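Per-entry structural report
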Amino acid sequence: MTGETGVRARTRRAILAAAAQVFAKDRAASLSAVAREAGVGRTTLHRYFPDRAALVRGLAYEVVRETGEVLARADVERGSVWSAIERVVYDFVAMGERYYFLLHEHELDSDTKLASSDSTALAPFADLLRRGQEEGVLRSDLPVEWLLQVTDALVNAAWVAALEGTLARAEAVRAVMLTLRGGIAPLGEPGSQVQG
């Protein structure tokens, strides 16, 4: 809710953070489980989100808002294309279960307003990928939408690896970057060679 301050804003954020953690582990988790994780009663949760659908939508819009903030912080126009991509990837992996939730919540697939908001939030990253193609450091024979989807999939894999403890977050980000450099840099270019 726009304009919330103080206790209401903190409670809403706590509920959304709890929902991301709970739903990332169990997509069918109950609202009671979310309330427990948030440290609030079920009645309190219902004052903010009357049902599961409202909570899912609220969380989705919060993740989209945070995605926009991540891209603003990453300052994608600064420095080389690859350094900007790495900053974005690092912050997306740090979003953890919230990013995972947005990628996997298929109840939201028909929400055209959310899709539009998500596209708007991701526009700076899409522009960065286009710049990479124009500068010749990213393959121009792959559509930008494909590059976005590949990055999403790799970030998801990195977060799962970090969650399961098979890779530390920094190692997971490195794995994403090595995979991207090996796959979307122009063939025969230095960036397409996997660096140790």
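Read on for an overview of the structure. Position numbers for residues start from 1 in each chain and track the written sequence from start to end. Local features are withheld for residues below a pLDDT of 70 in this predicted model, meaning they are given only at 70 or higher, and side-chain atom pairs are given and counted only at 80 or more; totals for whole chains, interfaces and linings count all residues. In computing side-chain values, all of the structure's heavy atoms are included and hydrogens and water are not.

1. Side note on the overall build of the chain
For the purposes of this entry, the term helix denotes a DSSP run of H or I that reaches at least four residues, the term strand denotes a run of E that reaches at least two, and both are numbered from the N terminus. From N to C terminus, the chain includes 9 helices and 0 strands. Tracing the chain from N to C terminus, the helices and strands come up as α-α-α-α-α-α-α-α-α. Considering the chain as a whole, with its 196 residues, one finds that 46% of them fall into the buried category. Contacts were defined at the residue level, with two residues in contact if any of their heavy atoms lie within 4.5 Å. A separation threshold of at least 6 residues defines the contact pool for the chain, and within that pool the share at least 24 residues apart is 66%. A 1.4 Å probe rolled over the protein chains alone gives each residue an accessible area, and that area as a share of the maximum for its type sets the label: buried under 20%, exposed over 50%, partly exposed in between.

2. Focus on helix 9 (residues 169–184)
Take the number of residues in a helix, subtract one, and multiply by 1.5 Å to get its expected span. When the terminal C-alpha atoms of helix 9 are compared, their 22 Å separation across 16 residues agrees well with the 22 Å that a helix rising 1.5 Å per residue should span. What helix 9 keeps buried is the set Ala172, Val173, Val176, Met177, Leu178, Leu180 and Ile184. On its buried face, helix 9 is in contact with helix 5 (81–94) and helix 8 (144–164).

3. Observations regarding the nonpolar core
Ranked by internal contacts, the top residues of the largest apolar core, which has 59 residues, are Phe23, Val34, Leu55, Ile85, Val89, Phe92 and Leu180. For this core, the element with the most residues is helix 4 (residues 52–74), which contributes 10 residues. Residue contacts for Ile85: discarding those within four places in its chain leaves Phe125, Leu128, Leu129, Leu138, Met177 and Leu180. Take the buried residues of types Ala, Val, Leu, Ile, Met, Phe, Trp, Tyr and Cys, join any two whose side-chain atoms come within 4.5 Å, and each joined set is a nonpolar core.

4. Quick look at the packing of helix 4 against helix 5
Their axes nearest at 9 Å, the elements helix 4 and helix 5 cross at an angle of 145 degrees. Crossing hand, helix 4 versus helix 5: right-handed. Taken together, the residues of helix 5 that come into contact with helix 4 (itself represented by Thr67, Val70, Leu71, Arg73 and Ala74) are Arg87, Val88, Asp91 and Phe92. In the scheme used here, Gly and all other residues not listed as nonpolar or charged are polar, with Ala, Val, Leu, Ile, Met, Phe, Trp, Tyr, Cys and Pro taken as nonpolar and Asp, Glu, Lys and Arg as charged. For the contact of helix 4 with helix 5, the class distribution of residues is 5 nonpolar, 1 polar and 3 charged. For helices, the fitted axis covers only the stretch in contact; all axes are lines through C-alpha atoms, and the angles between them, taken along N-to-C directions, range from 0 to 180 degrees. Helix crossings are classified by the rotation of the near helix relative to the far one: an anticlockwise turn of less than a right angle makes the crossing left-handed, while a clockwise turn makes it right-handed.

By themselves, these are just geometric observations and shouldn't be taken as functional.
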